[in-house]
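In case you want the letters, here they are:
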Amino acid sequence: MTTILHIDSSARLGRSHSRRLSARFVEAWLARRPGDMVIRRDVGLEPPPPVTEAWIAAAFTKPDRRTPEMRATLALSDALVDELERADLIVAGVPMYNFGLPAPMKAWVDNIVRVGRTFGFDRSRQGEPYWPMLSGKRLVTLGARGDWGYDPGGRLAGLNHVEPHLHTVFRYIGIPDAVSVAAEYDEFADERVERSLQAAEAEIDRLVARITAEAQAA
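In this text, all values refer to a predicted model and were calculated from it rather than measured experimentally.

1. What about the overall build of the protein?
Now for step 1: Helix and strand counts for the protein come out as seven helices and seven strands.
Now for step 2: When the helices and strands of the protein are listed from N to C terminus, the series reads β-α-β-α-α-α-β-α-β-β-β-α-β-α.
Now for step 3: Against the compact-globule benchmark of 17 Å for 218 residues, the protein has a radius of gyration of 18 Å, which places it among compact chains.
Now for step 4: When the backbone C-alpha atoms are referred to their principal axes, the protein occupies close to 60 × 40 × 35 Å.
Now for step 5: Residues counted as buried form 47% of the 218 residues belonging to the protein.
Now for step 6: A separation of at least 24 residues holds for 75% of the contacts in the protein among residues at least 6 apart in sequence.
Now for step 7: For the protein, the exposed surface amounts to about 11100 Å²; the carbon and sulfur share of it is 53%.

2. Some remarks on the nonpolar core
Now for step 1: Leu-5, Ile-7, Leu-84, Ile-90, Met-105, Trp-108 and Phe-170 are the most contacted members of the largest nonpolar core, which totals 27 residues.
Now for step 2: Looking at this core, the elements that each hand over two or more residues are strand E1 (3-8), helix H4 (75-86), strand E3 (89-95), helix H5 (103-112) and helix H6 (163-173).
Now for step 3: Residues contacting Ile-7, with those up to four places away along its chain left out, are Arg-40, Arg-41, Val-43, Ile-90, Val-91, Ala-92, Gly-93, Met-105 and Trp-108.
Now for step 4: Grouped together as the second largest cluster of nonpolar side chains are 20 residues, Val-26, Val-140, Tyr-185 and Ala-200 included.

3. Things to note about the packing of aromatic side chains
Now for step 1: Following the criterion strictly, the structure yields nine aromatic pairs and no others.
Now for step 2: Measuring from centroid to centroid gives 6.2 Å for Trp-108 and Phe-170, while their planes differ by 20 degrees, and the two rings are stacked. With a gap of 62 residues between them, Trp-108 in helix H5 and Phe-170 in helix H6 connect regions that are remote in the sequence.
Now for step 3: The class of Trp-108 is buried, set by a relative accessible area of 1%.
Now for step 4: What makes Phe-170 buried here is its relative accessible area of 1%.
Now for step 5: The rings of Phe-119, Phe-121, Tyr-130 and Tyr-172 are connected pair by pair, giving a single aromatic cluster.
Now for step 6: When the ring centre of Trp-148 is taken as origin, the NZ or CZ atom of Arg-155, which lies over that ring, is 4.0 Å away.

4. Remarks on the side chain of Asn-111
Now for step 1: Secondary-structure assignment places Asn-111 in helix H5.
Now for step 2: Every residue in contact with Asn-111, bar those within four places of it in the chain, is listed here: Pro-48, Pro-49, Trp-55, Ser-77, Leu-80 and Val-81.

5. Here's the deal with H5
Since the α-helix turns once every 3.6 residues, residues separated by three or four places project in the same direction.
Now for step 1: Within H5, seven of the ten residues are buried, which leaves it mostly tucked inside the rest of the structure.
Now for step 2: For H5, every residue scored as buried is listed here: Pro-104, Met-105, Ala-107, Trp-108, Val-109, Asn-111 and Ile-112.
Now for step 3: Packed against the buried residues of H5 are E1, helix H2 (53-59), H4, E3 and H6.

6. Describing the pattern of salt bridges
Now for step 1: Under the counting rule described, the total for this entry stands at 24 salt bridges.
Now for step 2: The shortest N-O distance in the salt bridge between Arg-20 and Glu-201 comes to 2.8 Å. Remark: Glu-201 occurs in helix H7 (residues 191-217) and Arg-20 occurs in helix H1 (residues 17-32); sequence separation between them is 181 residues.
Now for step 3: Across the salt bridge formed by Arg-117 and Asp-78, the nearest N and O atoms sit 3.1 Å from each other. With Arg-117 in the loop between H5 and strand E4 (119-121) and Asp-78 in helix H4, this pair connects stretches of sequence that are 39 residues apart.
Now for step 4: Where salt bridges share partners, they join Arg-20, Arg-24, Glu-194, Glu-201 and Asp-205 into one cluster.

7. Examining H4
Now for step 1: Taking 1.5 Å of rise per residue, the twelve residues of H4 would be expected to cover 16 Å, and the 17 Å separating its terminal C-alpha atoms lies within 8% of that figure.
Now for step 2: Along H4, the residues that are buried comprise Ser-77, Leu-80, Val-81, Glu-83 and Leu-84. Angularly, the buried residues of H4 cover 155 degrees about the axis, an arc narrow enough to put them on a single face.
Now for step 3: Looking at the packing, one finds that the buried side of H4 touches E1, strand E2 (37-42), H2, E3, H5 and H6.

Rules and cut-offs
- Residues numbered from 1 in each chain as written.
- Predicted model: local features only at pLDDT ≥ 70, side-chain atom pairs only at ≥ 80, totals over all residues.
- Heavy atoms only, no water.
- Helix = DSSP H or I, 4+ residues; strand = E, 2+ residues; numbered from the N terminus.
- Rg over C-alpha atoms; globule rule 2.2 N^0.38 Å.
- Buried < 20%, exposed > 50% of the residue type's maximum accessible area, 1.4 Å probe, protein only.
- Contact = heavy atoms within 4.5 Å.
- Areas by Shrake-Rupley, 256 points an atom, 1.4 Å probe, with all protein chains shown as cover.
- Core = buried A, V, L, I, M, F, W, Y, C linked by side-chain atoms within 4.5 Å.
- Phe/Tyr/Trp six-rings, centres within 6.5 Å; stacked < 30°, edge-to-face > 60°.
- Lys NZ or Arg CZ within 6 Å of the ring centre and 35° of its normal.
- Salt bridge = Lys/Arg side-chain N within 4 Å of Asp/Glu carboxyl O.
- Expected span 1.5 Å × (residues − 1).
- Arc of directions from axis to C-beta.

Structure below.
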């Protein structure tokens, strides 16, 4: 059985293209593998709190030395990491806001990049003092952008700080296997938006077919 962590981060609800695409992926997956499990986390509706000085102090204190207040400070972060650890596949609906992640998604990232949980750190370690602590997972990001040309080689590729950011973070914690699909032209509000959405949905259907076939063969 595959466990999917389905994340949405858009501030929009019914009009959200990234939500439409992430729902398309999960629905297509369950149509092929109805027995698989989905963990739902909507950070757009329920944003995690941003990292604070108290959070940092708690996270960098050894677990057996944390006070009850520290454990309370990290309670949601621990729950988010638990969800990530349980998942085999992370499906994240992530629209582009001002060339980067929505604030709730950035807060989620900051809550799951945890020393001793998702990455290790030792100053005395020979060579690289950091190492990833997760493995065997895959990331699928499903995005929406107002303009066009943000994919590698495109006219605005250098301004895209969504997928490159997430892929960097996930590689750091041990998940280098990442793929992205995005719809564009949202700000133009014309037929190009729907064409882009339909093309993205067709790509999602092909992606689901490929990954489920790989899961079946494993």
